[in-house]
Amino acid sequence: MTVEDDLFAGLDEIRWGRMRHAYGSAAEVPGLLRDLVDPDPAVRESALDGIYGAVHHQGDVYPCTVAAIPFLLRIAERPDLPGRPGVVELLAGMGSAEDPTELSGLYRKANEAVEAAYPLWERLLEDADPRVRGAVLEVLPACTRRRRAALTRLPGRLAEETDEEVRRAIVRTAGTLARFEEGVDPALREWLLGIVAAEPDLPLRLVALAELTSLPGTPDEPPVAEVDDALEMLSAVYGSGTAVTAPAGFETGTLIGAVRRLREQGDEGRRAPGANALVRGLSASFGDRVDERVRLLTGLLRSQDWEPHLDALTSAGNLVDGWRGDYRELIGLVGERIGDGHPRTRARAVGVLEHLGDLTAPAADALVAALESTSRRALPHTEADAHLPWVIEWSRELPTVSPALRALSGAGDPRALPMLAWALDREPMPSDAGELVIRFGPRAAPLMPLLLRRLRDLPADDPHDHRRDSVVRALAAIGPAAAEALPDLLGGPITPAVLVALAAIAPDAGECLPVLRRAAAAADLGLAVPAARALWQVDGSTDAALAVAGRCLDDDSEYAWRDAAGLLAELGQATKSQATRLRRLARRKDPYGWLVLSAAHALWRITGDPAPALPVLERVWTTNVHTRRKVAVLWAELGPVAADSAPLLTAELGRVRRHNAREDGYSTAQVTEDERLLDHCRAALTAVGGHAR
């Protein structure tokens, strides 16, 4: 029997073709498994990418995932095979379980299969290959019933380990395992304290410090080390440098390969590439202690070297995106890094600021200085990081406004308007230039000649080109000062954006009425709803709006029902049958809360009775954080009758984490939406009789 026959015995007896993965039939899984041990590292990387992409797609577990685990375990235990570190990391992902009580079905089966191999993981902690030893440490948290045993083993393993990276991984894993326990073992805390106090390896001391800092403790417990101590140790690490991983020397065209190459490029030219993980770990370890995180990062941003700046900027972006705080000093220092001349820190600093809205203000002068020094250039994306142009050109897509100009525009800084005018005037016009004008509202009136020209010459019949509608929305934001655009709007294609703009630009213009009436009668509710709303806004007529709301309520789509509720809420009236339907909708089981919230809002506006709305608002506030901005606005509208909302509003204002921050996702509107929620909460708390912070 050959090595492959022994390794893959039974592989072809499984009916893989009858199983499915993320992209269809799992028939290719046997080939991927065999390629994981191919002598060619490019073949192995491609196979690993294929399994991550389909068989374990974004962490999902399918029947073929569970069926593959026994063969992956065989590969992991064979010291003569290549590619084992990647296979062990793959098994760590397949068996991952932060909370085993939440696992069910295939996920539980995968976790149990990985945990059942715990004796193998214990042996591999002493494997000859340090990369395997490091990878095994990622598996241990998935062994949910053996975590305590693993945690007990790790201090002794650290004393025997000689590889610096594996030693740091041991300490990180010990901290991870300890956080799963109900209480922290004092012996573990003492062990970590000993490392922080006496370990000659500075990076290991910093890792231990981060793990200690992140362990649960009592509020009056003194800090293990001050931020200044951490900064001093980090300075020494930057001075002495850290190991640099040699490039792999091959390309695969896969996602894994692209990530690897980005990591290799990130290490190029650096003296201490390993410091990035240390800074990231230390900043994260302070958790909700935002002031200490700010002190750490501002200290690094004030150093004389660009490498601490680069690493601090990454953590600064994570901090501002996920936590609330006073960031004026931090953002000001981020702005200074834009003008310090180093292309890598400049680009990363702009990335921190790109979607912060008003919080960008302390860096606005630096953004303006950098943008004005580029002399209105548009550059290919490959050169954009080094030169901060106004517009970025892409090989196969329309150009876009640069992140630096997007950041300045998002802050509403008027100095961005001439730059946006230049972008609007370019050929081809950037895809997002019109959208950025919206932020300025009536202040964008000086751009009217350009917006009018673009309204006339941009394609109106390309479903993939939304630039004309973005210009229309910019005109709507300008309001009545954009009245000269009315003939072009009426004479062109009638889209939902145009219908909204007609009401915003010409609220008393009778010439709009025929167009609005025709659109309100359209079969397409996507046109009829904004047209009916615009008719009511222009001439006060409610007939069309009531009729369209009735059509929406008769539809079988929840989105149509929400449109009906929104329309009736604006009107403040409804027919008897519509009000009855709204009451039923407000009582529906709605896991996300948007429908019942819309119905309750409409009922309050129509009847003036807050009683049906109040319990709905409190319920959806609790069940879906994304409803909170709308709920806070409604509580402010209700006033003192919503006094019971004061504790919820006060608690929200006291939260340190952003309401929409998630461990597994990110939105470019995350910060601006959360800052708006805070404004709404303060207004609502004042309106209901509480005391805003």
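Shown above is the structure to which this text applies.
Predicted model, so just to flag it, every value in this text is computed and none were measured.

The rules behind these values
Residues numbered from 1 in each chain as written. Predicted model: local features only at pLDDT ≥ 70, side-chain atom pairs only at ≥ 80, totals over all residues. Heavy atoms only, no water. Salt bridge = Lys/Arg side-chain N within 4 Å of Asp/Glu carboxyl O. Helix = DSSP H or I, 4+ residues; strand = E, 2+ residues; numbered from the N terminus. Buried < 20%, exposed > 50% of the residue type's maximum accessible area, 1.4 Å probe, protein only. Pairing = 2+ DSSP bridges. Core = buried A, V, L, I, M, F, W, Y, C linked by side-chain atoms within 4.5 Å. Contact = heavy atoms within 4.5 Å. Phe/Tyr/Trp six-rings, centres within 6.5 Å; stacked < 30°, edge-to-face > 60°. Lys NZ or Arg CZ within 6 Å of the ring centre and 35° of its normal. Polar contact = N/O pair within 3.5 Å; in protein donor to acceptor, adjacent residues only side chain to side chain. Axes fitted to C-alpha atoms, helices over the stretch in contact; angles between N-to-C directions. Left-handed = near helix turned anticlockwise from the far one by under 90°. Nonpolar A, V, L, I, M, F, W, Y, C, P; charged D, E, K, R; others polar. Parallel < 35°, antiparallel > 145°, perpendicular 65-115°, else oblique. Expected span 1.5 Å × (residues − 1).

A.B. asks: Is there a simple way to explain the pattern of salt bridges in this structure?
C.D. replies: Any two side chains of opposite charge can pair, given that their charged atoms come close. Enumeration according to the criterion identifies 52 salt bridges in this entry. Arg167 is the partner of Glu199 in a salt bridge, and the nearest nitrogen-oxygen pair spans 3.2 Å. Within this pair, whereas Glu199 is found in the loop between helix H11 (186-198) and helix H12 (202-214), its partner Arg167 is found in helix H10 (residues 164-180), the two being separated by 32 residues in sequence. Here Glu673 and Arg629 are joined by a salt bridge, their closest N and O atoms 3.8 Å apart. Within this pair, whereas Glu673 is found in helix H38 (residues 670-688), its partner Arg629 is found in helix H36 (residues 628-638), the two being separated by 44 residues in sequence. Residue Arg629 is classed as partly exposed on the basis of its relative accessible area, which comes to 25%. Through salt bridges with shared partners, a single network forms among Arg324, Arg628, Glu652, Arg655, Arg658, Asp674 and Glu675.

A.B. asks: I tried to follow the sheet that holds strand E4 (residues 391-393) on my own but got confused; where do I start?
C.D. replies: Sheets are built from strands that pair by backbone hydrogen bonding, the pairs being arranged parallel or antiparallel. What the 3 strands build is an open sheet, ordered E3-E4-E5; its pairing is mixed. Only two strands of the sheet have a single partner each, and these edge strands are strand E3 (378-380) and strand E5 (400-401). Alignment of E3 against E4, held across 3 bridges, turns out to be parallel. Counted as the bridge partner of Leu379 is Ile392 from E4.

A.B. asks: In this structure, what is going on with the nonpolar core? I would like to understand it.
C.D. replies: Soluble globular proteins tend to bury their nonpolar side chains together. Trp16, Leu33 and Trp121 are the most contacted members of the largest nonpolar core, which has 178 residues in total. Of all the elements, helix H4 (residues 63-76) adds the most residues to this core, at 9 residues. In contact with Leu33, not counting residues within four places along its chain, are Phe8, Leu11, Trp16, Ile51, Ala68, Phe71, Leu72 and Ile75. Residues Ala532, Leu553, Leu567 and Leu585 belong to the second largest nonpolar core, which totals 25 residues.

A.B. asks: Help me understand unusual backbone geometry in this model?
C.D. replies: A cis amide bond, omega -10 degrees, links Glu427 with the succeeding residue Pro428. Within the secondary structure layout, Pro428 lies in the loop between helix H23 (417-424) and helix H24 (433-438). For Gln58, which is not a glycine, the phi torsion comes out positive at approximately 50 degrees. Looking at the secondary structure, you find Gln58 in the loop between helix H3 (41-55) and H4. Look at Gln58 and you get exposed, because its relative accessible area is 71%.

A.B. asks: Can you help me understand the packing of aromatic side chains in this one?
C.D. replies: Aromatic ring pairs are reported here in terms of the distance separating the ring centres and the angle at which the planes meet. Per the stated rule, a full pass over the model turns up 2 aromatic pairs. Judged by centre distance (5.4 Å) and plane angle (90 degrees), the ring pair of Trp390 and Trp422 falls under edge-to-face. With Trp390 in the loop between helix H21 (381-387) and E4 and Trp422 in helix H23, this residue pair connects regions lying 32 residues apart in the sequence. The two residues Trp390 and Trp422 agree in class, both being buried. For the pair Trp621 and Trp635, a centre-to-centre distance of 5.0 Å together with 45 degrees between the ring planes defines the contact as tilted. On the criterion of sequence distance, the pair formed by Trp621 in helix H35 (residues 613-623) and Trp635 in helix H36 is long-range, its members being 14 residues apart. Note on accessibility: Trp621 and Trp635 belong to one class, buried. Of note, Arg147 hangs over the ring of Phe180, and the distance from its end group to the ring centre comes to 3.7 Å.

A.B. asks: Help me understand the environment of Arg293, please; the structure alone is not making it clear to me.
C.D. replies: For Arg293, the location among the structural elements is in helix H16 (residues 290-301). Along the chain, Arg293 and Ser283 lie 10 residues apart, while their C-alpha atoms are 5.5 Å from each other. When near neighbours in sequence (up to four residues on either side) are disregarded, Arg293 contacts Ser283, Ala284, Phe286, Gly287, Leu319 and Trp323. A distance of 2.8 Å separates a polar atom in the side chain of Arg293 from the backbone oxygen of Ser283.

A.B. asks: Help me understand the packing of helix H29 (residues 513-520) against helix H30 (residues 525-539) in this model?
C.D. replies: In a pair of packed helices, the angle between the axes and the distance between the axes together describe the arrangement. With their axes 7 Å apart at the nearest point, H29 and H30 run at an angle of 145 degrees to one another. Considering how the two elements wind past one another, H29 and H30 form a crossing that is left-handed. When H29 is examined against H30, the residues Leu513, Leu516, Arg517, Ala519 and Ala520 are found in contact with a partner set consisting of Leu527, Ala528, Ala531, Ala532, Ala534, Leu535, Val538 and Asp539. Tallied by class, the residues present in the contact of H29 with H30 amount to 11 nonpolar, no polar and 2 charged.

A.B. asks: Help me understand the side chain of Glu115, please; the structure alone is not making it clear to me.
C.D. replies: Turning to its location among the elements, Glu115 is positioned in helix H6 (residues 105-115). Excluding anything up to four places from it in sequence, Glu115 contacts Ala142, Cys143, Thr144, Arg145 and Arg146.

A.B. asks: Which parts of the structure should I look at to understand the packing of H36 against H38?
C.D. replies: Here H36 crosses H38 at 20 degrees, and the two axes come no closer than 8 Å. Relative to H38, the element H36 is oriented roughly parallel. As for the relative orientation of H36 and H38, their crossing is left-handed in sense. Facing H36, whose interface residues are Arg628, Arg629, Ala632, Val633, Trp635 and Ala636, H38 presents Glu673, Arg676, Leu677, His680, Cys681, Ala683, Ala684, Ala687 and Val688. Residue composition of the contact of H36 with H38, grouped by class: 10 nonpolar, 1 polar and 4 charged.

A.B. asks: Would you mind going over helix H32 (residues 558-571) with me for this structure?
C.D. replies: Since the α-helix advances by 3.6 residues per turn, residues separated by three or four positions end up pointing in the same direction. Given a rise of 1.5 Å per residue, 14 residues ought to cover 20 Å, and the 20 Å separating the end C-alpha atoms of H32 matches this to within 8%. For H32, the complete set of buried residues consists of Ala560, Trp561, Ala564, Ala565, Leu567, Leu568, Ala569 and Leu571. The inward-facing, buried residues of H32 contact H30, helix H31 (543-554), helix H33 (576-586) and helix H34 (594-607). Measuring from the side-chain oxygen of the N-cap residue of H32 to the backbone nitrogen of Tyr559 gives 3.1 Å; that N-cap residue is Ser557. After H32 finishes, the residue Gly572 shows a positive phi value of roughly 75 degrees.

A.B. asks: Hey, could you run me through the environment of Ala444 in this one?
C.D. replies: Tracing the sequence through the fold places Ala444 in the loop between H24 and helix H25 (448-457). Residue class for Ala444 comes out buried when judged on its relative accessible area of 0%. Through-space distance from the C-alpha of Ala444 to that of Ala481 is 9.6 Å; in sequence the pair is 37 residues apart. Excluding residues that lie within four positions of it along the chain, Ala444 makes contacts with Leu417, Val437 and Ile478.

A.B. asks: Looking at this structure, I do not really get the environment of Ala54. What am I missing?
C.D. replies: On the secondary structure map, Ala54 appears in helix H3. Each C-alpha atom, one on Ala54 and one on Leu568, is 46 Å from the other, the two residues being 514 residues apart in sequence. Dropping the residues within four chain positions of it, Ala54 is found in contact with His21, Ala22, Tyr23 and Tyr62.

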